[in-house]
Each structure stands twice: as C-alpha cells, then as structure tokens.
Amino acid sequence: MRTPDILSAASPPSSDAIGVRFRATKMLHTAQGRQLLDISFQLGKGRLLTLYGPSGAGKTTILRILAGLTDTSSALIEVDGTIWEDSARNIRLPTPGRSIGFVFQDFALFPHLTVRQQLEFALPKGEDKALVTELLALMELEELQDRRPSFLSGGQQQRVALARAIARRPKLLLLDEPLSALDDEMRFRLQDYILKAHRHYELTTILVSHYLPEIFRLSDEVLFLCDGQVQRQGPPPEVFLEEKISSKFRVTGEIFEIVPADIIFIVGVRCSGATIKVIATAEEAAGLHIGQKVTVASKAFNPVILPLSA
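### Structural notes on the pattern of salt bridges
When the charged atoms of two side chains with opposite charge come close together, those side chains can pair. The final tally for this structure, using the stated rule, is 14 salt bridges. The closest approach of N and O atoms between E78 and R21, which form a salt bridge, is 3.9 Å. Separated by 57 residues along the polypeptide, E78 in strand β4 (residues 74-79) and R21 in strand β1 (residues 18-30) bring together distant segments of the chain. With relative accessibility at 23%, the residue E78 sits in the partly exposed group.

### Here's the deal with helix α5 (residues 184-200)
Between its terminal C-alpha atoms α5 stretches 25 Å, which fits the 24 Å expected from 17 residues at 1.5 Å a residue. Taken residue by residue, α5 has D184, M186, R187, L190, Q191, Y193, I194, L195, A197 and H198 as its buried positions. Downstream of α5 by a residue or two, E202 has a phi angle that is positive, lying close to 50°.

### Focus: the packing of aromatic side chains
The full count for this structure, using the stated rule, is five aromatic pairs. Judged by centre distance (4.3 Å) and plane angle (5°), the rings of F102 and F104 are stacked. Judged by centre distance (6.4 Å) and plane angle (20°), the ring pair of F188 and Y211 falls under stacked. Remark: Y211 occurs in the loop between β9 (205-208) and α6 (212-218) and F188 occurs in helix α5; sequence separation between them is 23 residues. On the accessibility criterion, Y211 (3% relative accessible area) is buried. Taking the ring centre of F110 as reference, the NZ or CZ of R164 above it sits at 5.3 Å. Lying over the aromatic face of F256, R270 brings its terminal NZ or CZ to 4.0 Å of the ring centre.

### Observations concerning the confidence of the model for the protein chain
Averaged over every residue, the pLDDT of the protein chain is 86; the share at 70 or more is 88%. Ranking the elements of the protein chain by mean pLDDT puts helix α8 (residues 243-246) last with 38 and β4 first with 98. This model gives residues 1-9 a pLDDT under 50, and the stretch forms 33 contacts once residues within four places in sequence are excluded. Below a pLDDT of 50 lies the segment residues 242-248, which in the model reaches ten contacts outside its immediate sequence neighbourhood of four places, other chains included.

### Details of the environment of Y201
Relative to the assigned elements, Y201 resides in the loop between α5 and β9. For the pair Y201 and P170, spaced 31 residues apart in sequence, the C-alpha to C-alpha distance is 9.8 Å. If we ignore the near neighbours within four places in the chain, the residues touching Y201 are L131, E134, L135, L138, I166 and R169.

### So, unusual backbone geometry
Glycine aside, the phi torsion of most residues is negative, and most peptide linkages are trans. Residue E177 is not a glycine yet carries a positive backbone phi of 45°. Within the secondary structure, E177 sits in the loop between β8 (172-176) and α5. On the basis of relative accessible area, E177 is assigned to the buried category, the value being 17%. At D227, a residue that is not glycine, the phi angle is positive and equals roughly 55°. Looking at the element boundaries, D227 is found in the loop between β10 (221-226) and β11 (229-234).

Criteria and thresholds
In every chain, residue numbers begin from 1 and rise along the written sequence. Two thresholds apply to this predicted model, a pLDDT of at least 70 for residue-level local features and 80 or more for giving and counting side-chain atom pairs, whereas whole-chain, interface and lining totals are computed over all residues. Side-chain measures were taken over the full set of non-hydrogen atoms in the model, leaving aside hydrogen atoms and water. What makes a salt bridge here is a side-chain nitrogen of Lys or Arg within 4 Å of a carboxyl oxygen of Asp or Glu, nothing more. Runs of H or I in DSSP of at least four residues are treated as helices and runs of E of at least two as strands, each being numbered from the N terminus. For each residue, the accessible area found with a 1.4 Å probe, counting protein chains only, is set against the maximum for its type, and the residue is called buried under 20%, exposed over 50%, and partly exposed in between. Expected span, for any helix, means 1.5 Å times one less than how many residues it has. When the centres of two rings from Phe, Tyr and Trp lie within 6.5 Å, Trp using its six-membered ring, the rings pair. Their planes under 30 degrees apart give stacked, over 60 give edge-to-face, and anything left gives tilted. Charge-over-ring placement is defined geometrically: NZ (Lys) or CZ (Arg) within 6 Å of the ring centre, and within 35 degrees of the ring normal. Confidence of the predictor at the level of single residues is captured by pLDDT, which takes values from 0 to 100. We call two residues in contact whenever any of their non-hydrogen atoms come within 4.5 Å of each other.

Listed below in structure tokens is the structure:
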C-alpha cells in the first residue's frame, strides 16, 4: 500500500526561534477514572506540531489550556516571547488577550453572516480589509464571499473557518481535528489549503489528528501522548517508524471501510482507539474486506496493510 507525498514537510527548515514553550499539569476525569495530565514541550516558530494519541490522552485539553479556556493546576506558557500564563507568578491572560486562531470540528460559523463578513468580523481592530480579499483568493472563496453558511458545503465551511482564524493574525493557530467530519476526497483537498495557509503566513500551528497520512503530510513534529504523558516527540518518521519504538511501526486492527477514490482505494482500519487510513491499488483492495483483521506496518516510510493469518 502506498501513500503519495506522505513525507512532504509542512514547513521549510526554520530558525532556532522558539514559538511556544508549554508546561502544564491538570487532573483529568476520563472514562478510566482520574488521570494526571503532565505535559511539557516546546515548538519552533513557524512549525506545525500534531498532537496524537488515544481518546482521553489530553490532546484537546492542551489546545484549550493554550487558548485560556481550561484551568490548570500549574502552568507556564510562553508564545513568541510573551508570557500567557505563569501560575508561579499569578499571571494568566484571558482568552481575548491571547493571539490565537482556533478552528473546531464543527466550523462554528455565524449563521447570519456572509463569507466575507465572517472574515471581516475576525479582523483585529485597525487591520486593513485587504487581508480579507487576500484570504478569499488564497482559500479560493471569492465566488462564495456573499453566501451564508447554510448555502455552503462542509468543505467550503471549513475553508471559511480556517480563513477566519487566520484573519485574526494569530501568533498561534490551533486546529482541533478540523477535517474529521469531511469525506476522504475533501479531506485531502483541505490539507492542501492548510499547508498553503501555514506556509504563506508563516504560522506556528498545533493540530490534533488521529489520521496518519494527514499527520505525515502536514506535520513538522508529532507529540505522541498517552495517559496524560508525552511518550515521544519528533518528526513523524521518528515517532511512528523508527526501530526505537517497536523495531518498526506496527499495530493490529480491523478494516471498517474500503472506499474507492478515483483510481485508488482508501482502506480504513481501527487500531487501539485510533483510525488509520491507507491508500491501496485496486488489486490490493480486491484481497481485503470489511471486518478483516489486519496489521498496519511501515514499509519505506509508507503504511502498508498485512492480512493476519487465520
């Protein structure tokens, strides 16, 4: 099974400037009971970091802490040289005081505003409206700018949500599984828009995703979380594929969908709480079926599906 462009990096090599320093602790209440979130990391300016891990690992909680939407037991957050939160010195900027753009799974657009009005509403006070025109062109929304959300498809609404978040000129862009509600074809197209915007505006971005092809395509780095702790941080090949983790990346799961997409097939596999989607040729897909137990492993940095022996 092959995944074209799986190693395309989100960003060109960056300087040593630090975009985010993060350290926080918080008690989580999960389906398994109380669990301590104890996370520390830093991210270079202009880089894209993906938070990956099973449900309840703390991925969305980290985004909410960065945005000032969730309290912590202790925290030290510095973004672009500015302290947003320091519990030791009783510093905690409110959400409006933090320069963030936040894109949610459900788009969260204003139903009564047109596409252009959504972007203009998000502009910082005094910002030139030329930025709105530029974003409409970059995200290919010019022909849709006078429509309200009810007249847009899911993919179009997500492009508007992304453009609106960027219109704030954020120091930090937060993306909480923004493509999870879209079909595979639209998901691949929206990845292009995320990459284009991330590079064009040199954004520092943190993404939550369970989708390995997406992670490999978009991410400079991955933070692998489990049980509220960082298990590993590094480029996607190091985190998922190096022998240091498990001789090779290898997990067992069950096929839940096989979807034709142009001349290839996308095979969905559920593995220990995560969803992995692998690109297969028609010949490869012909030997697979829904409900089949398989192993997803790595081969030349691409995920492959290996049927389990009966």
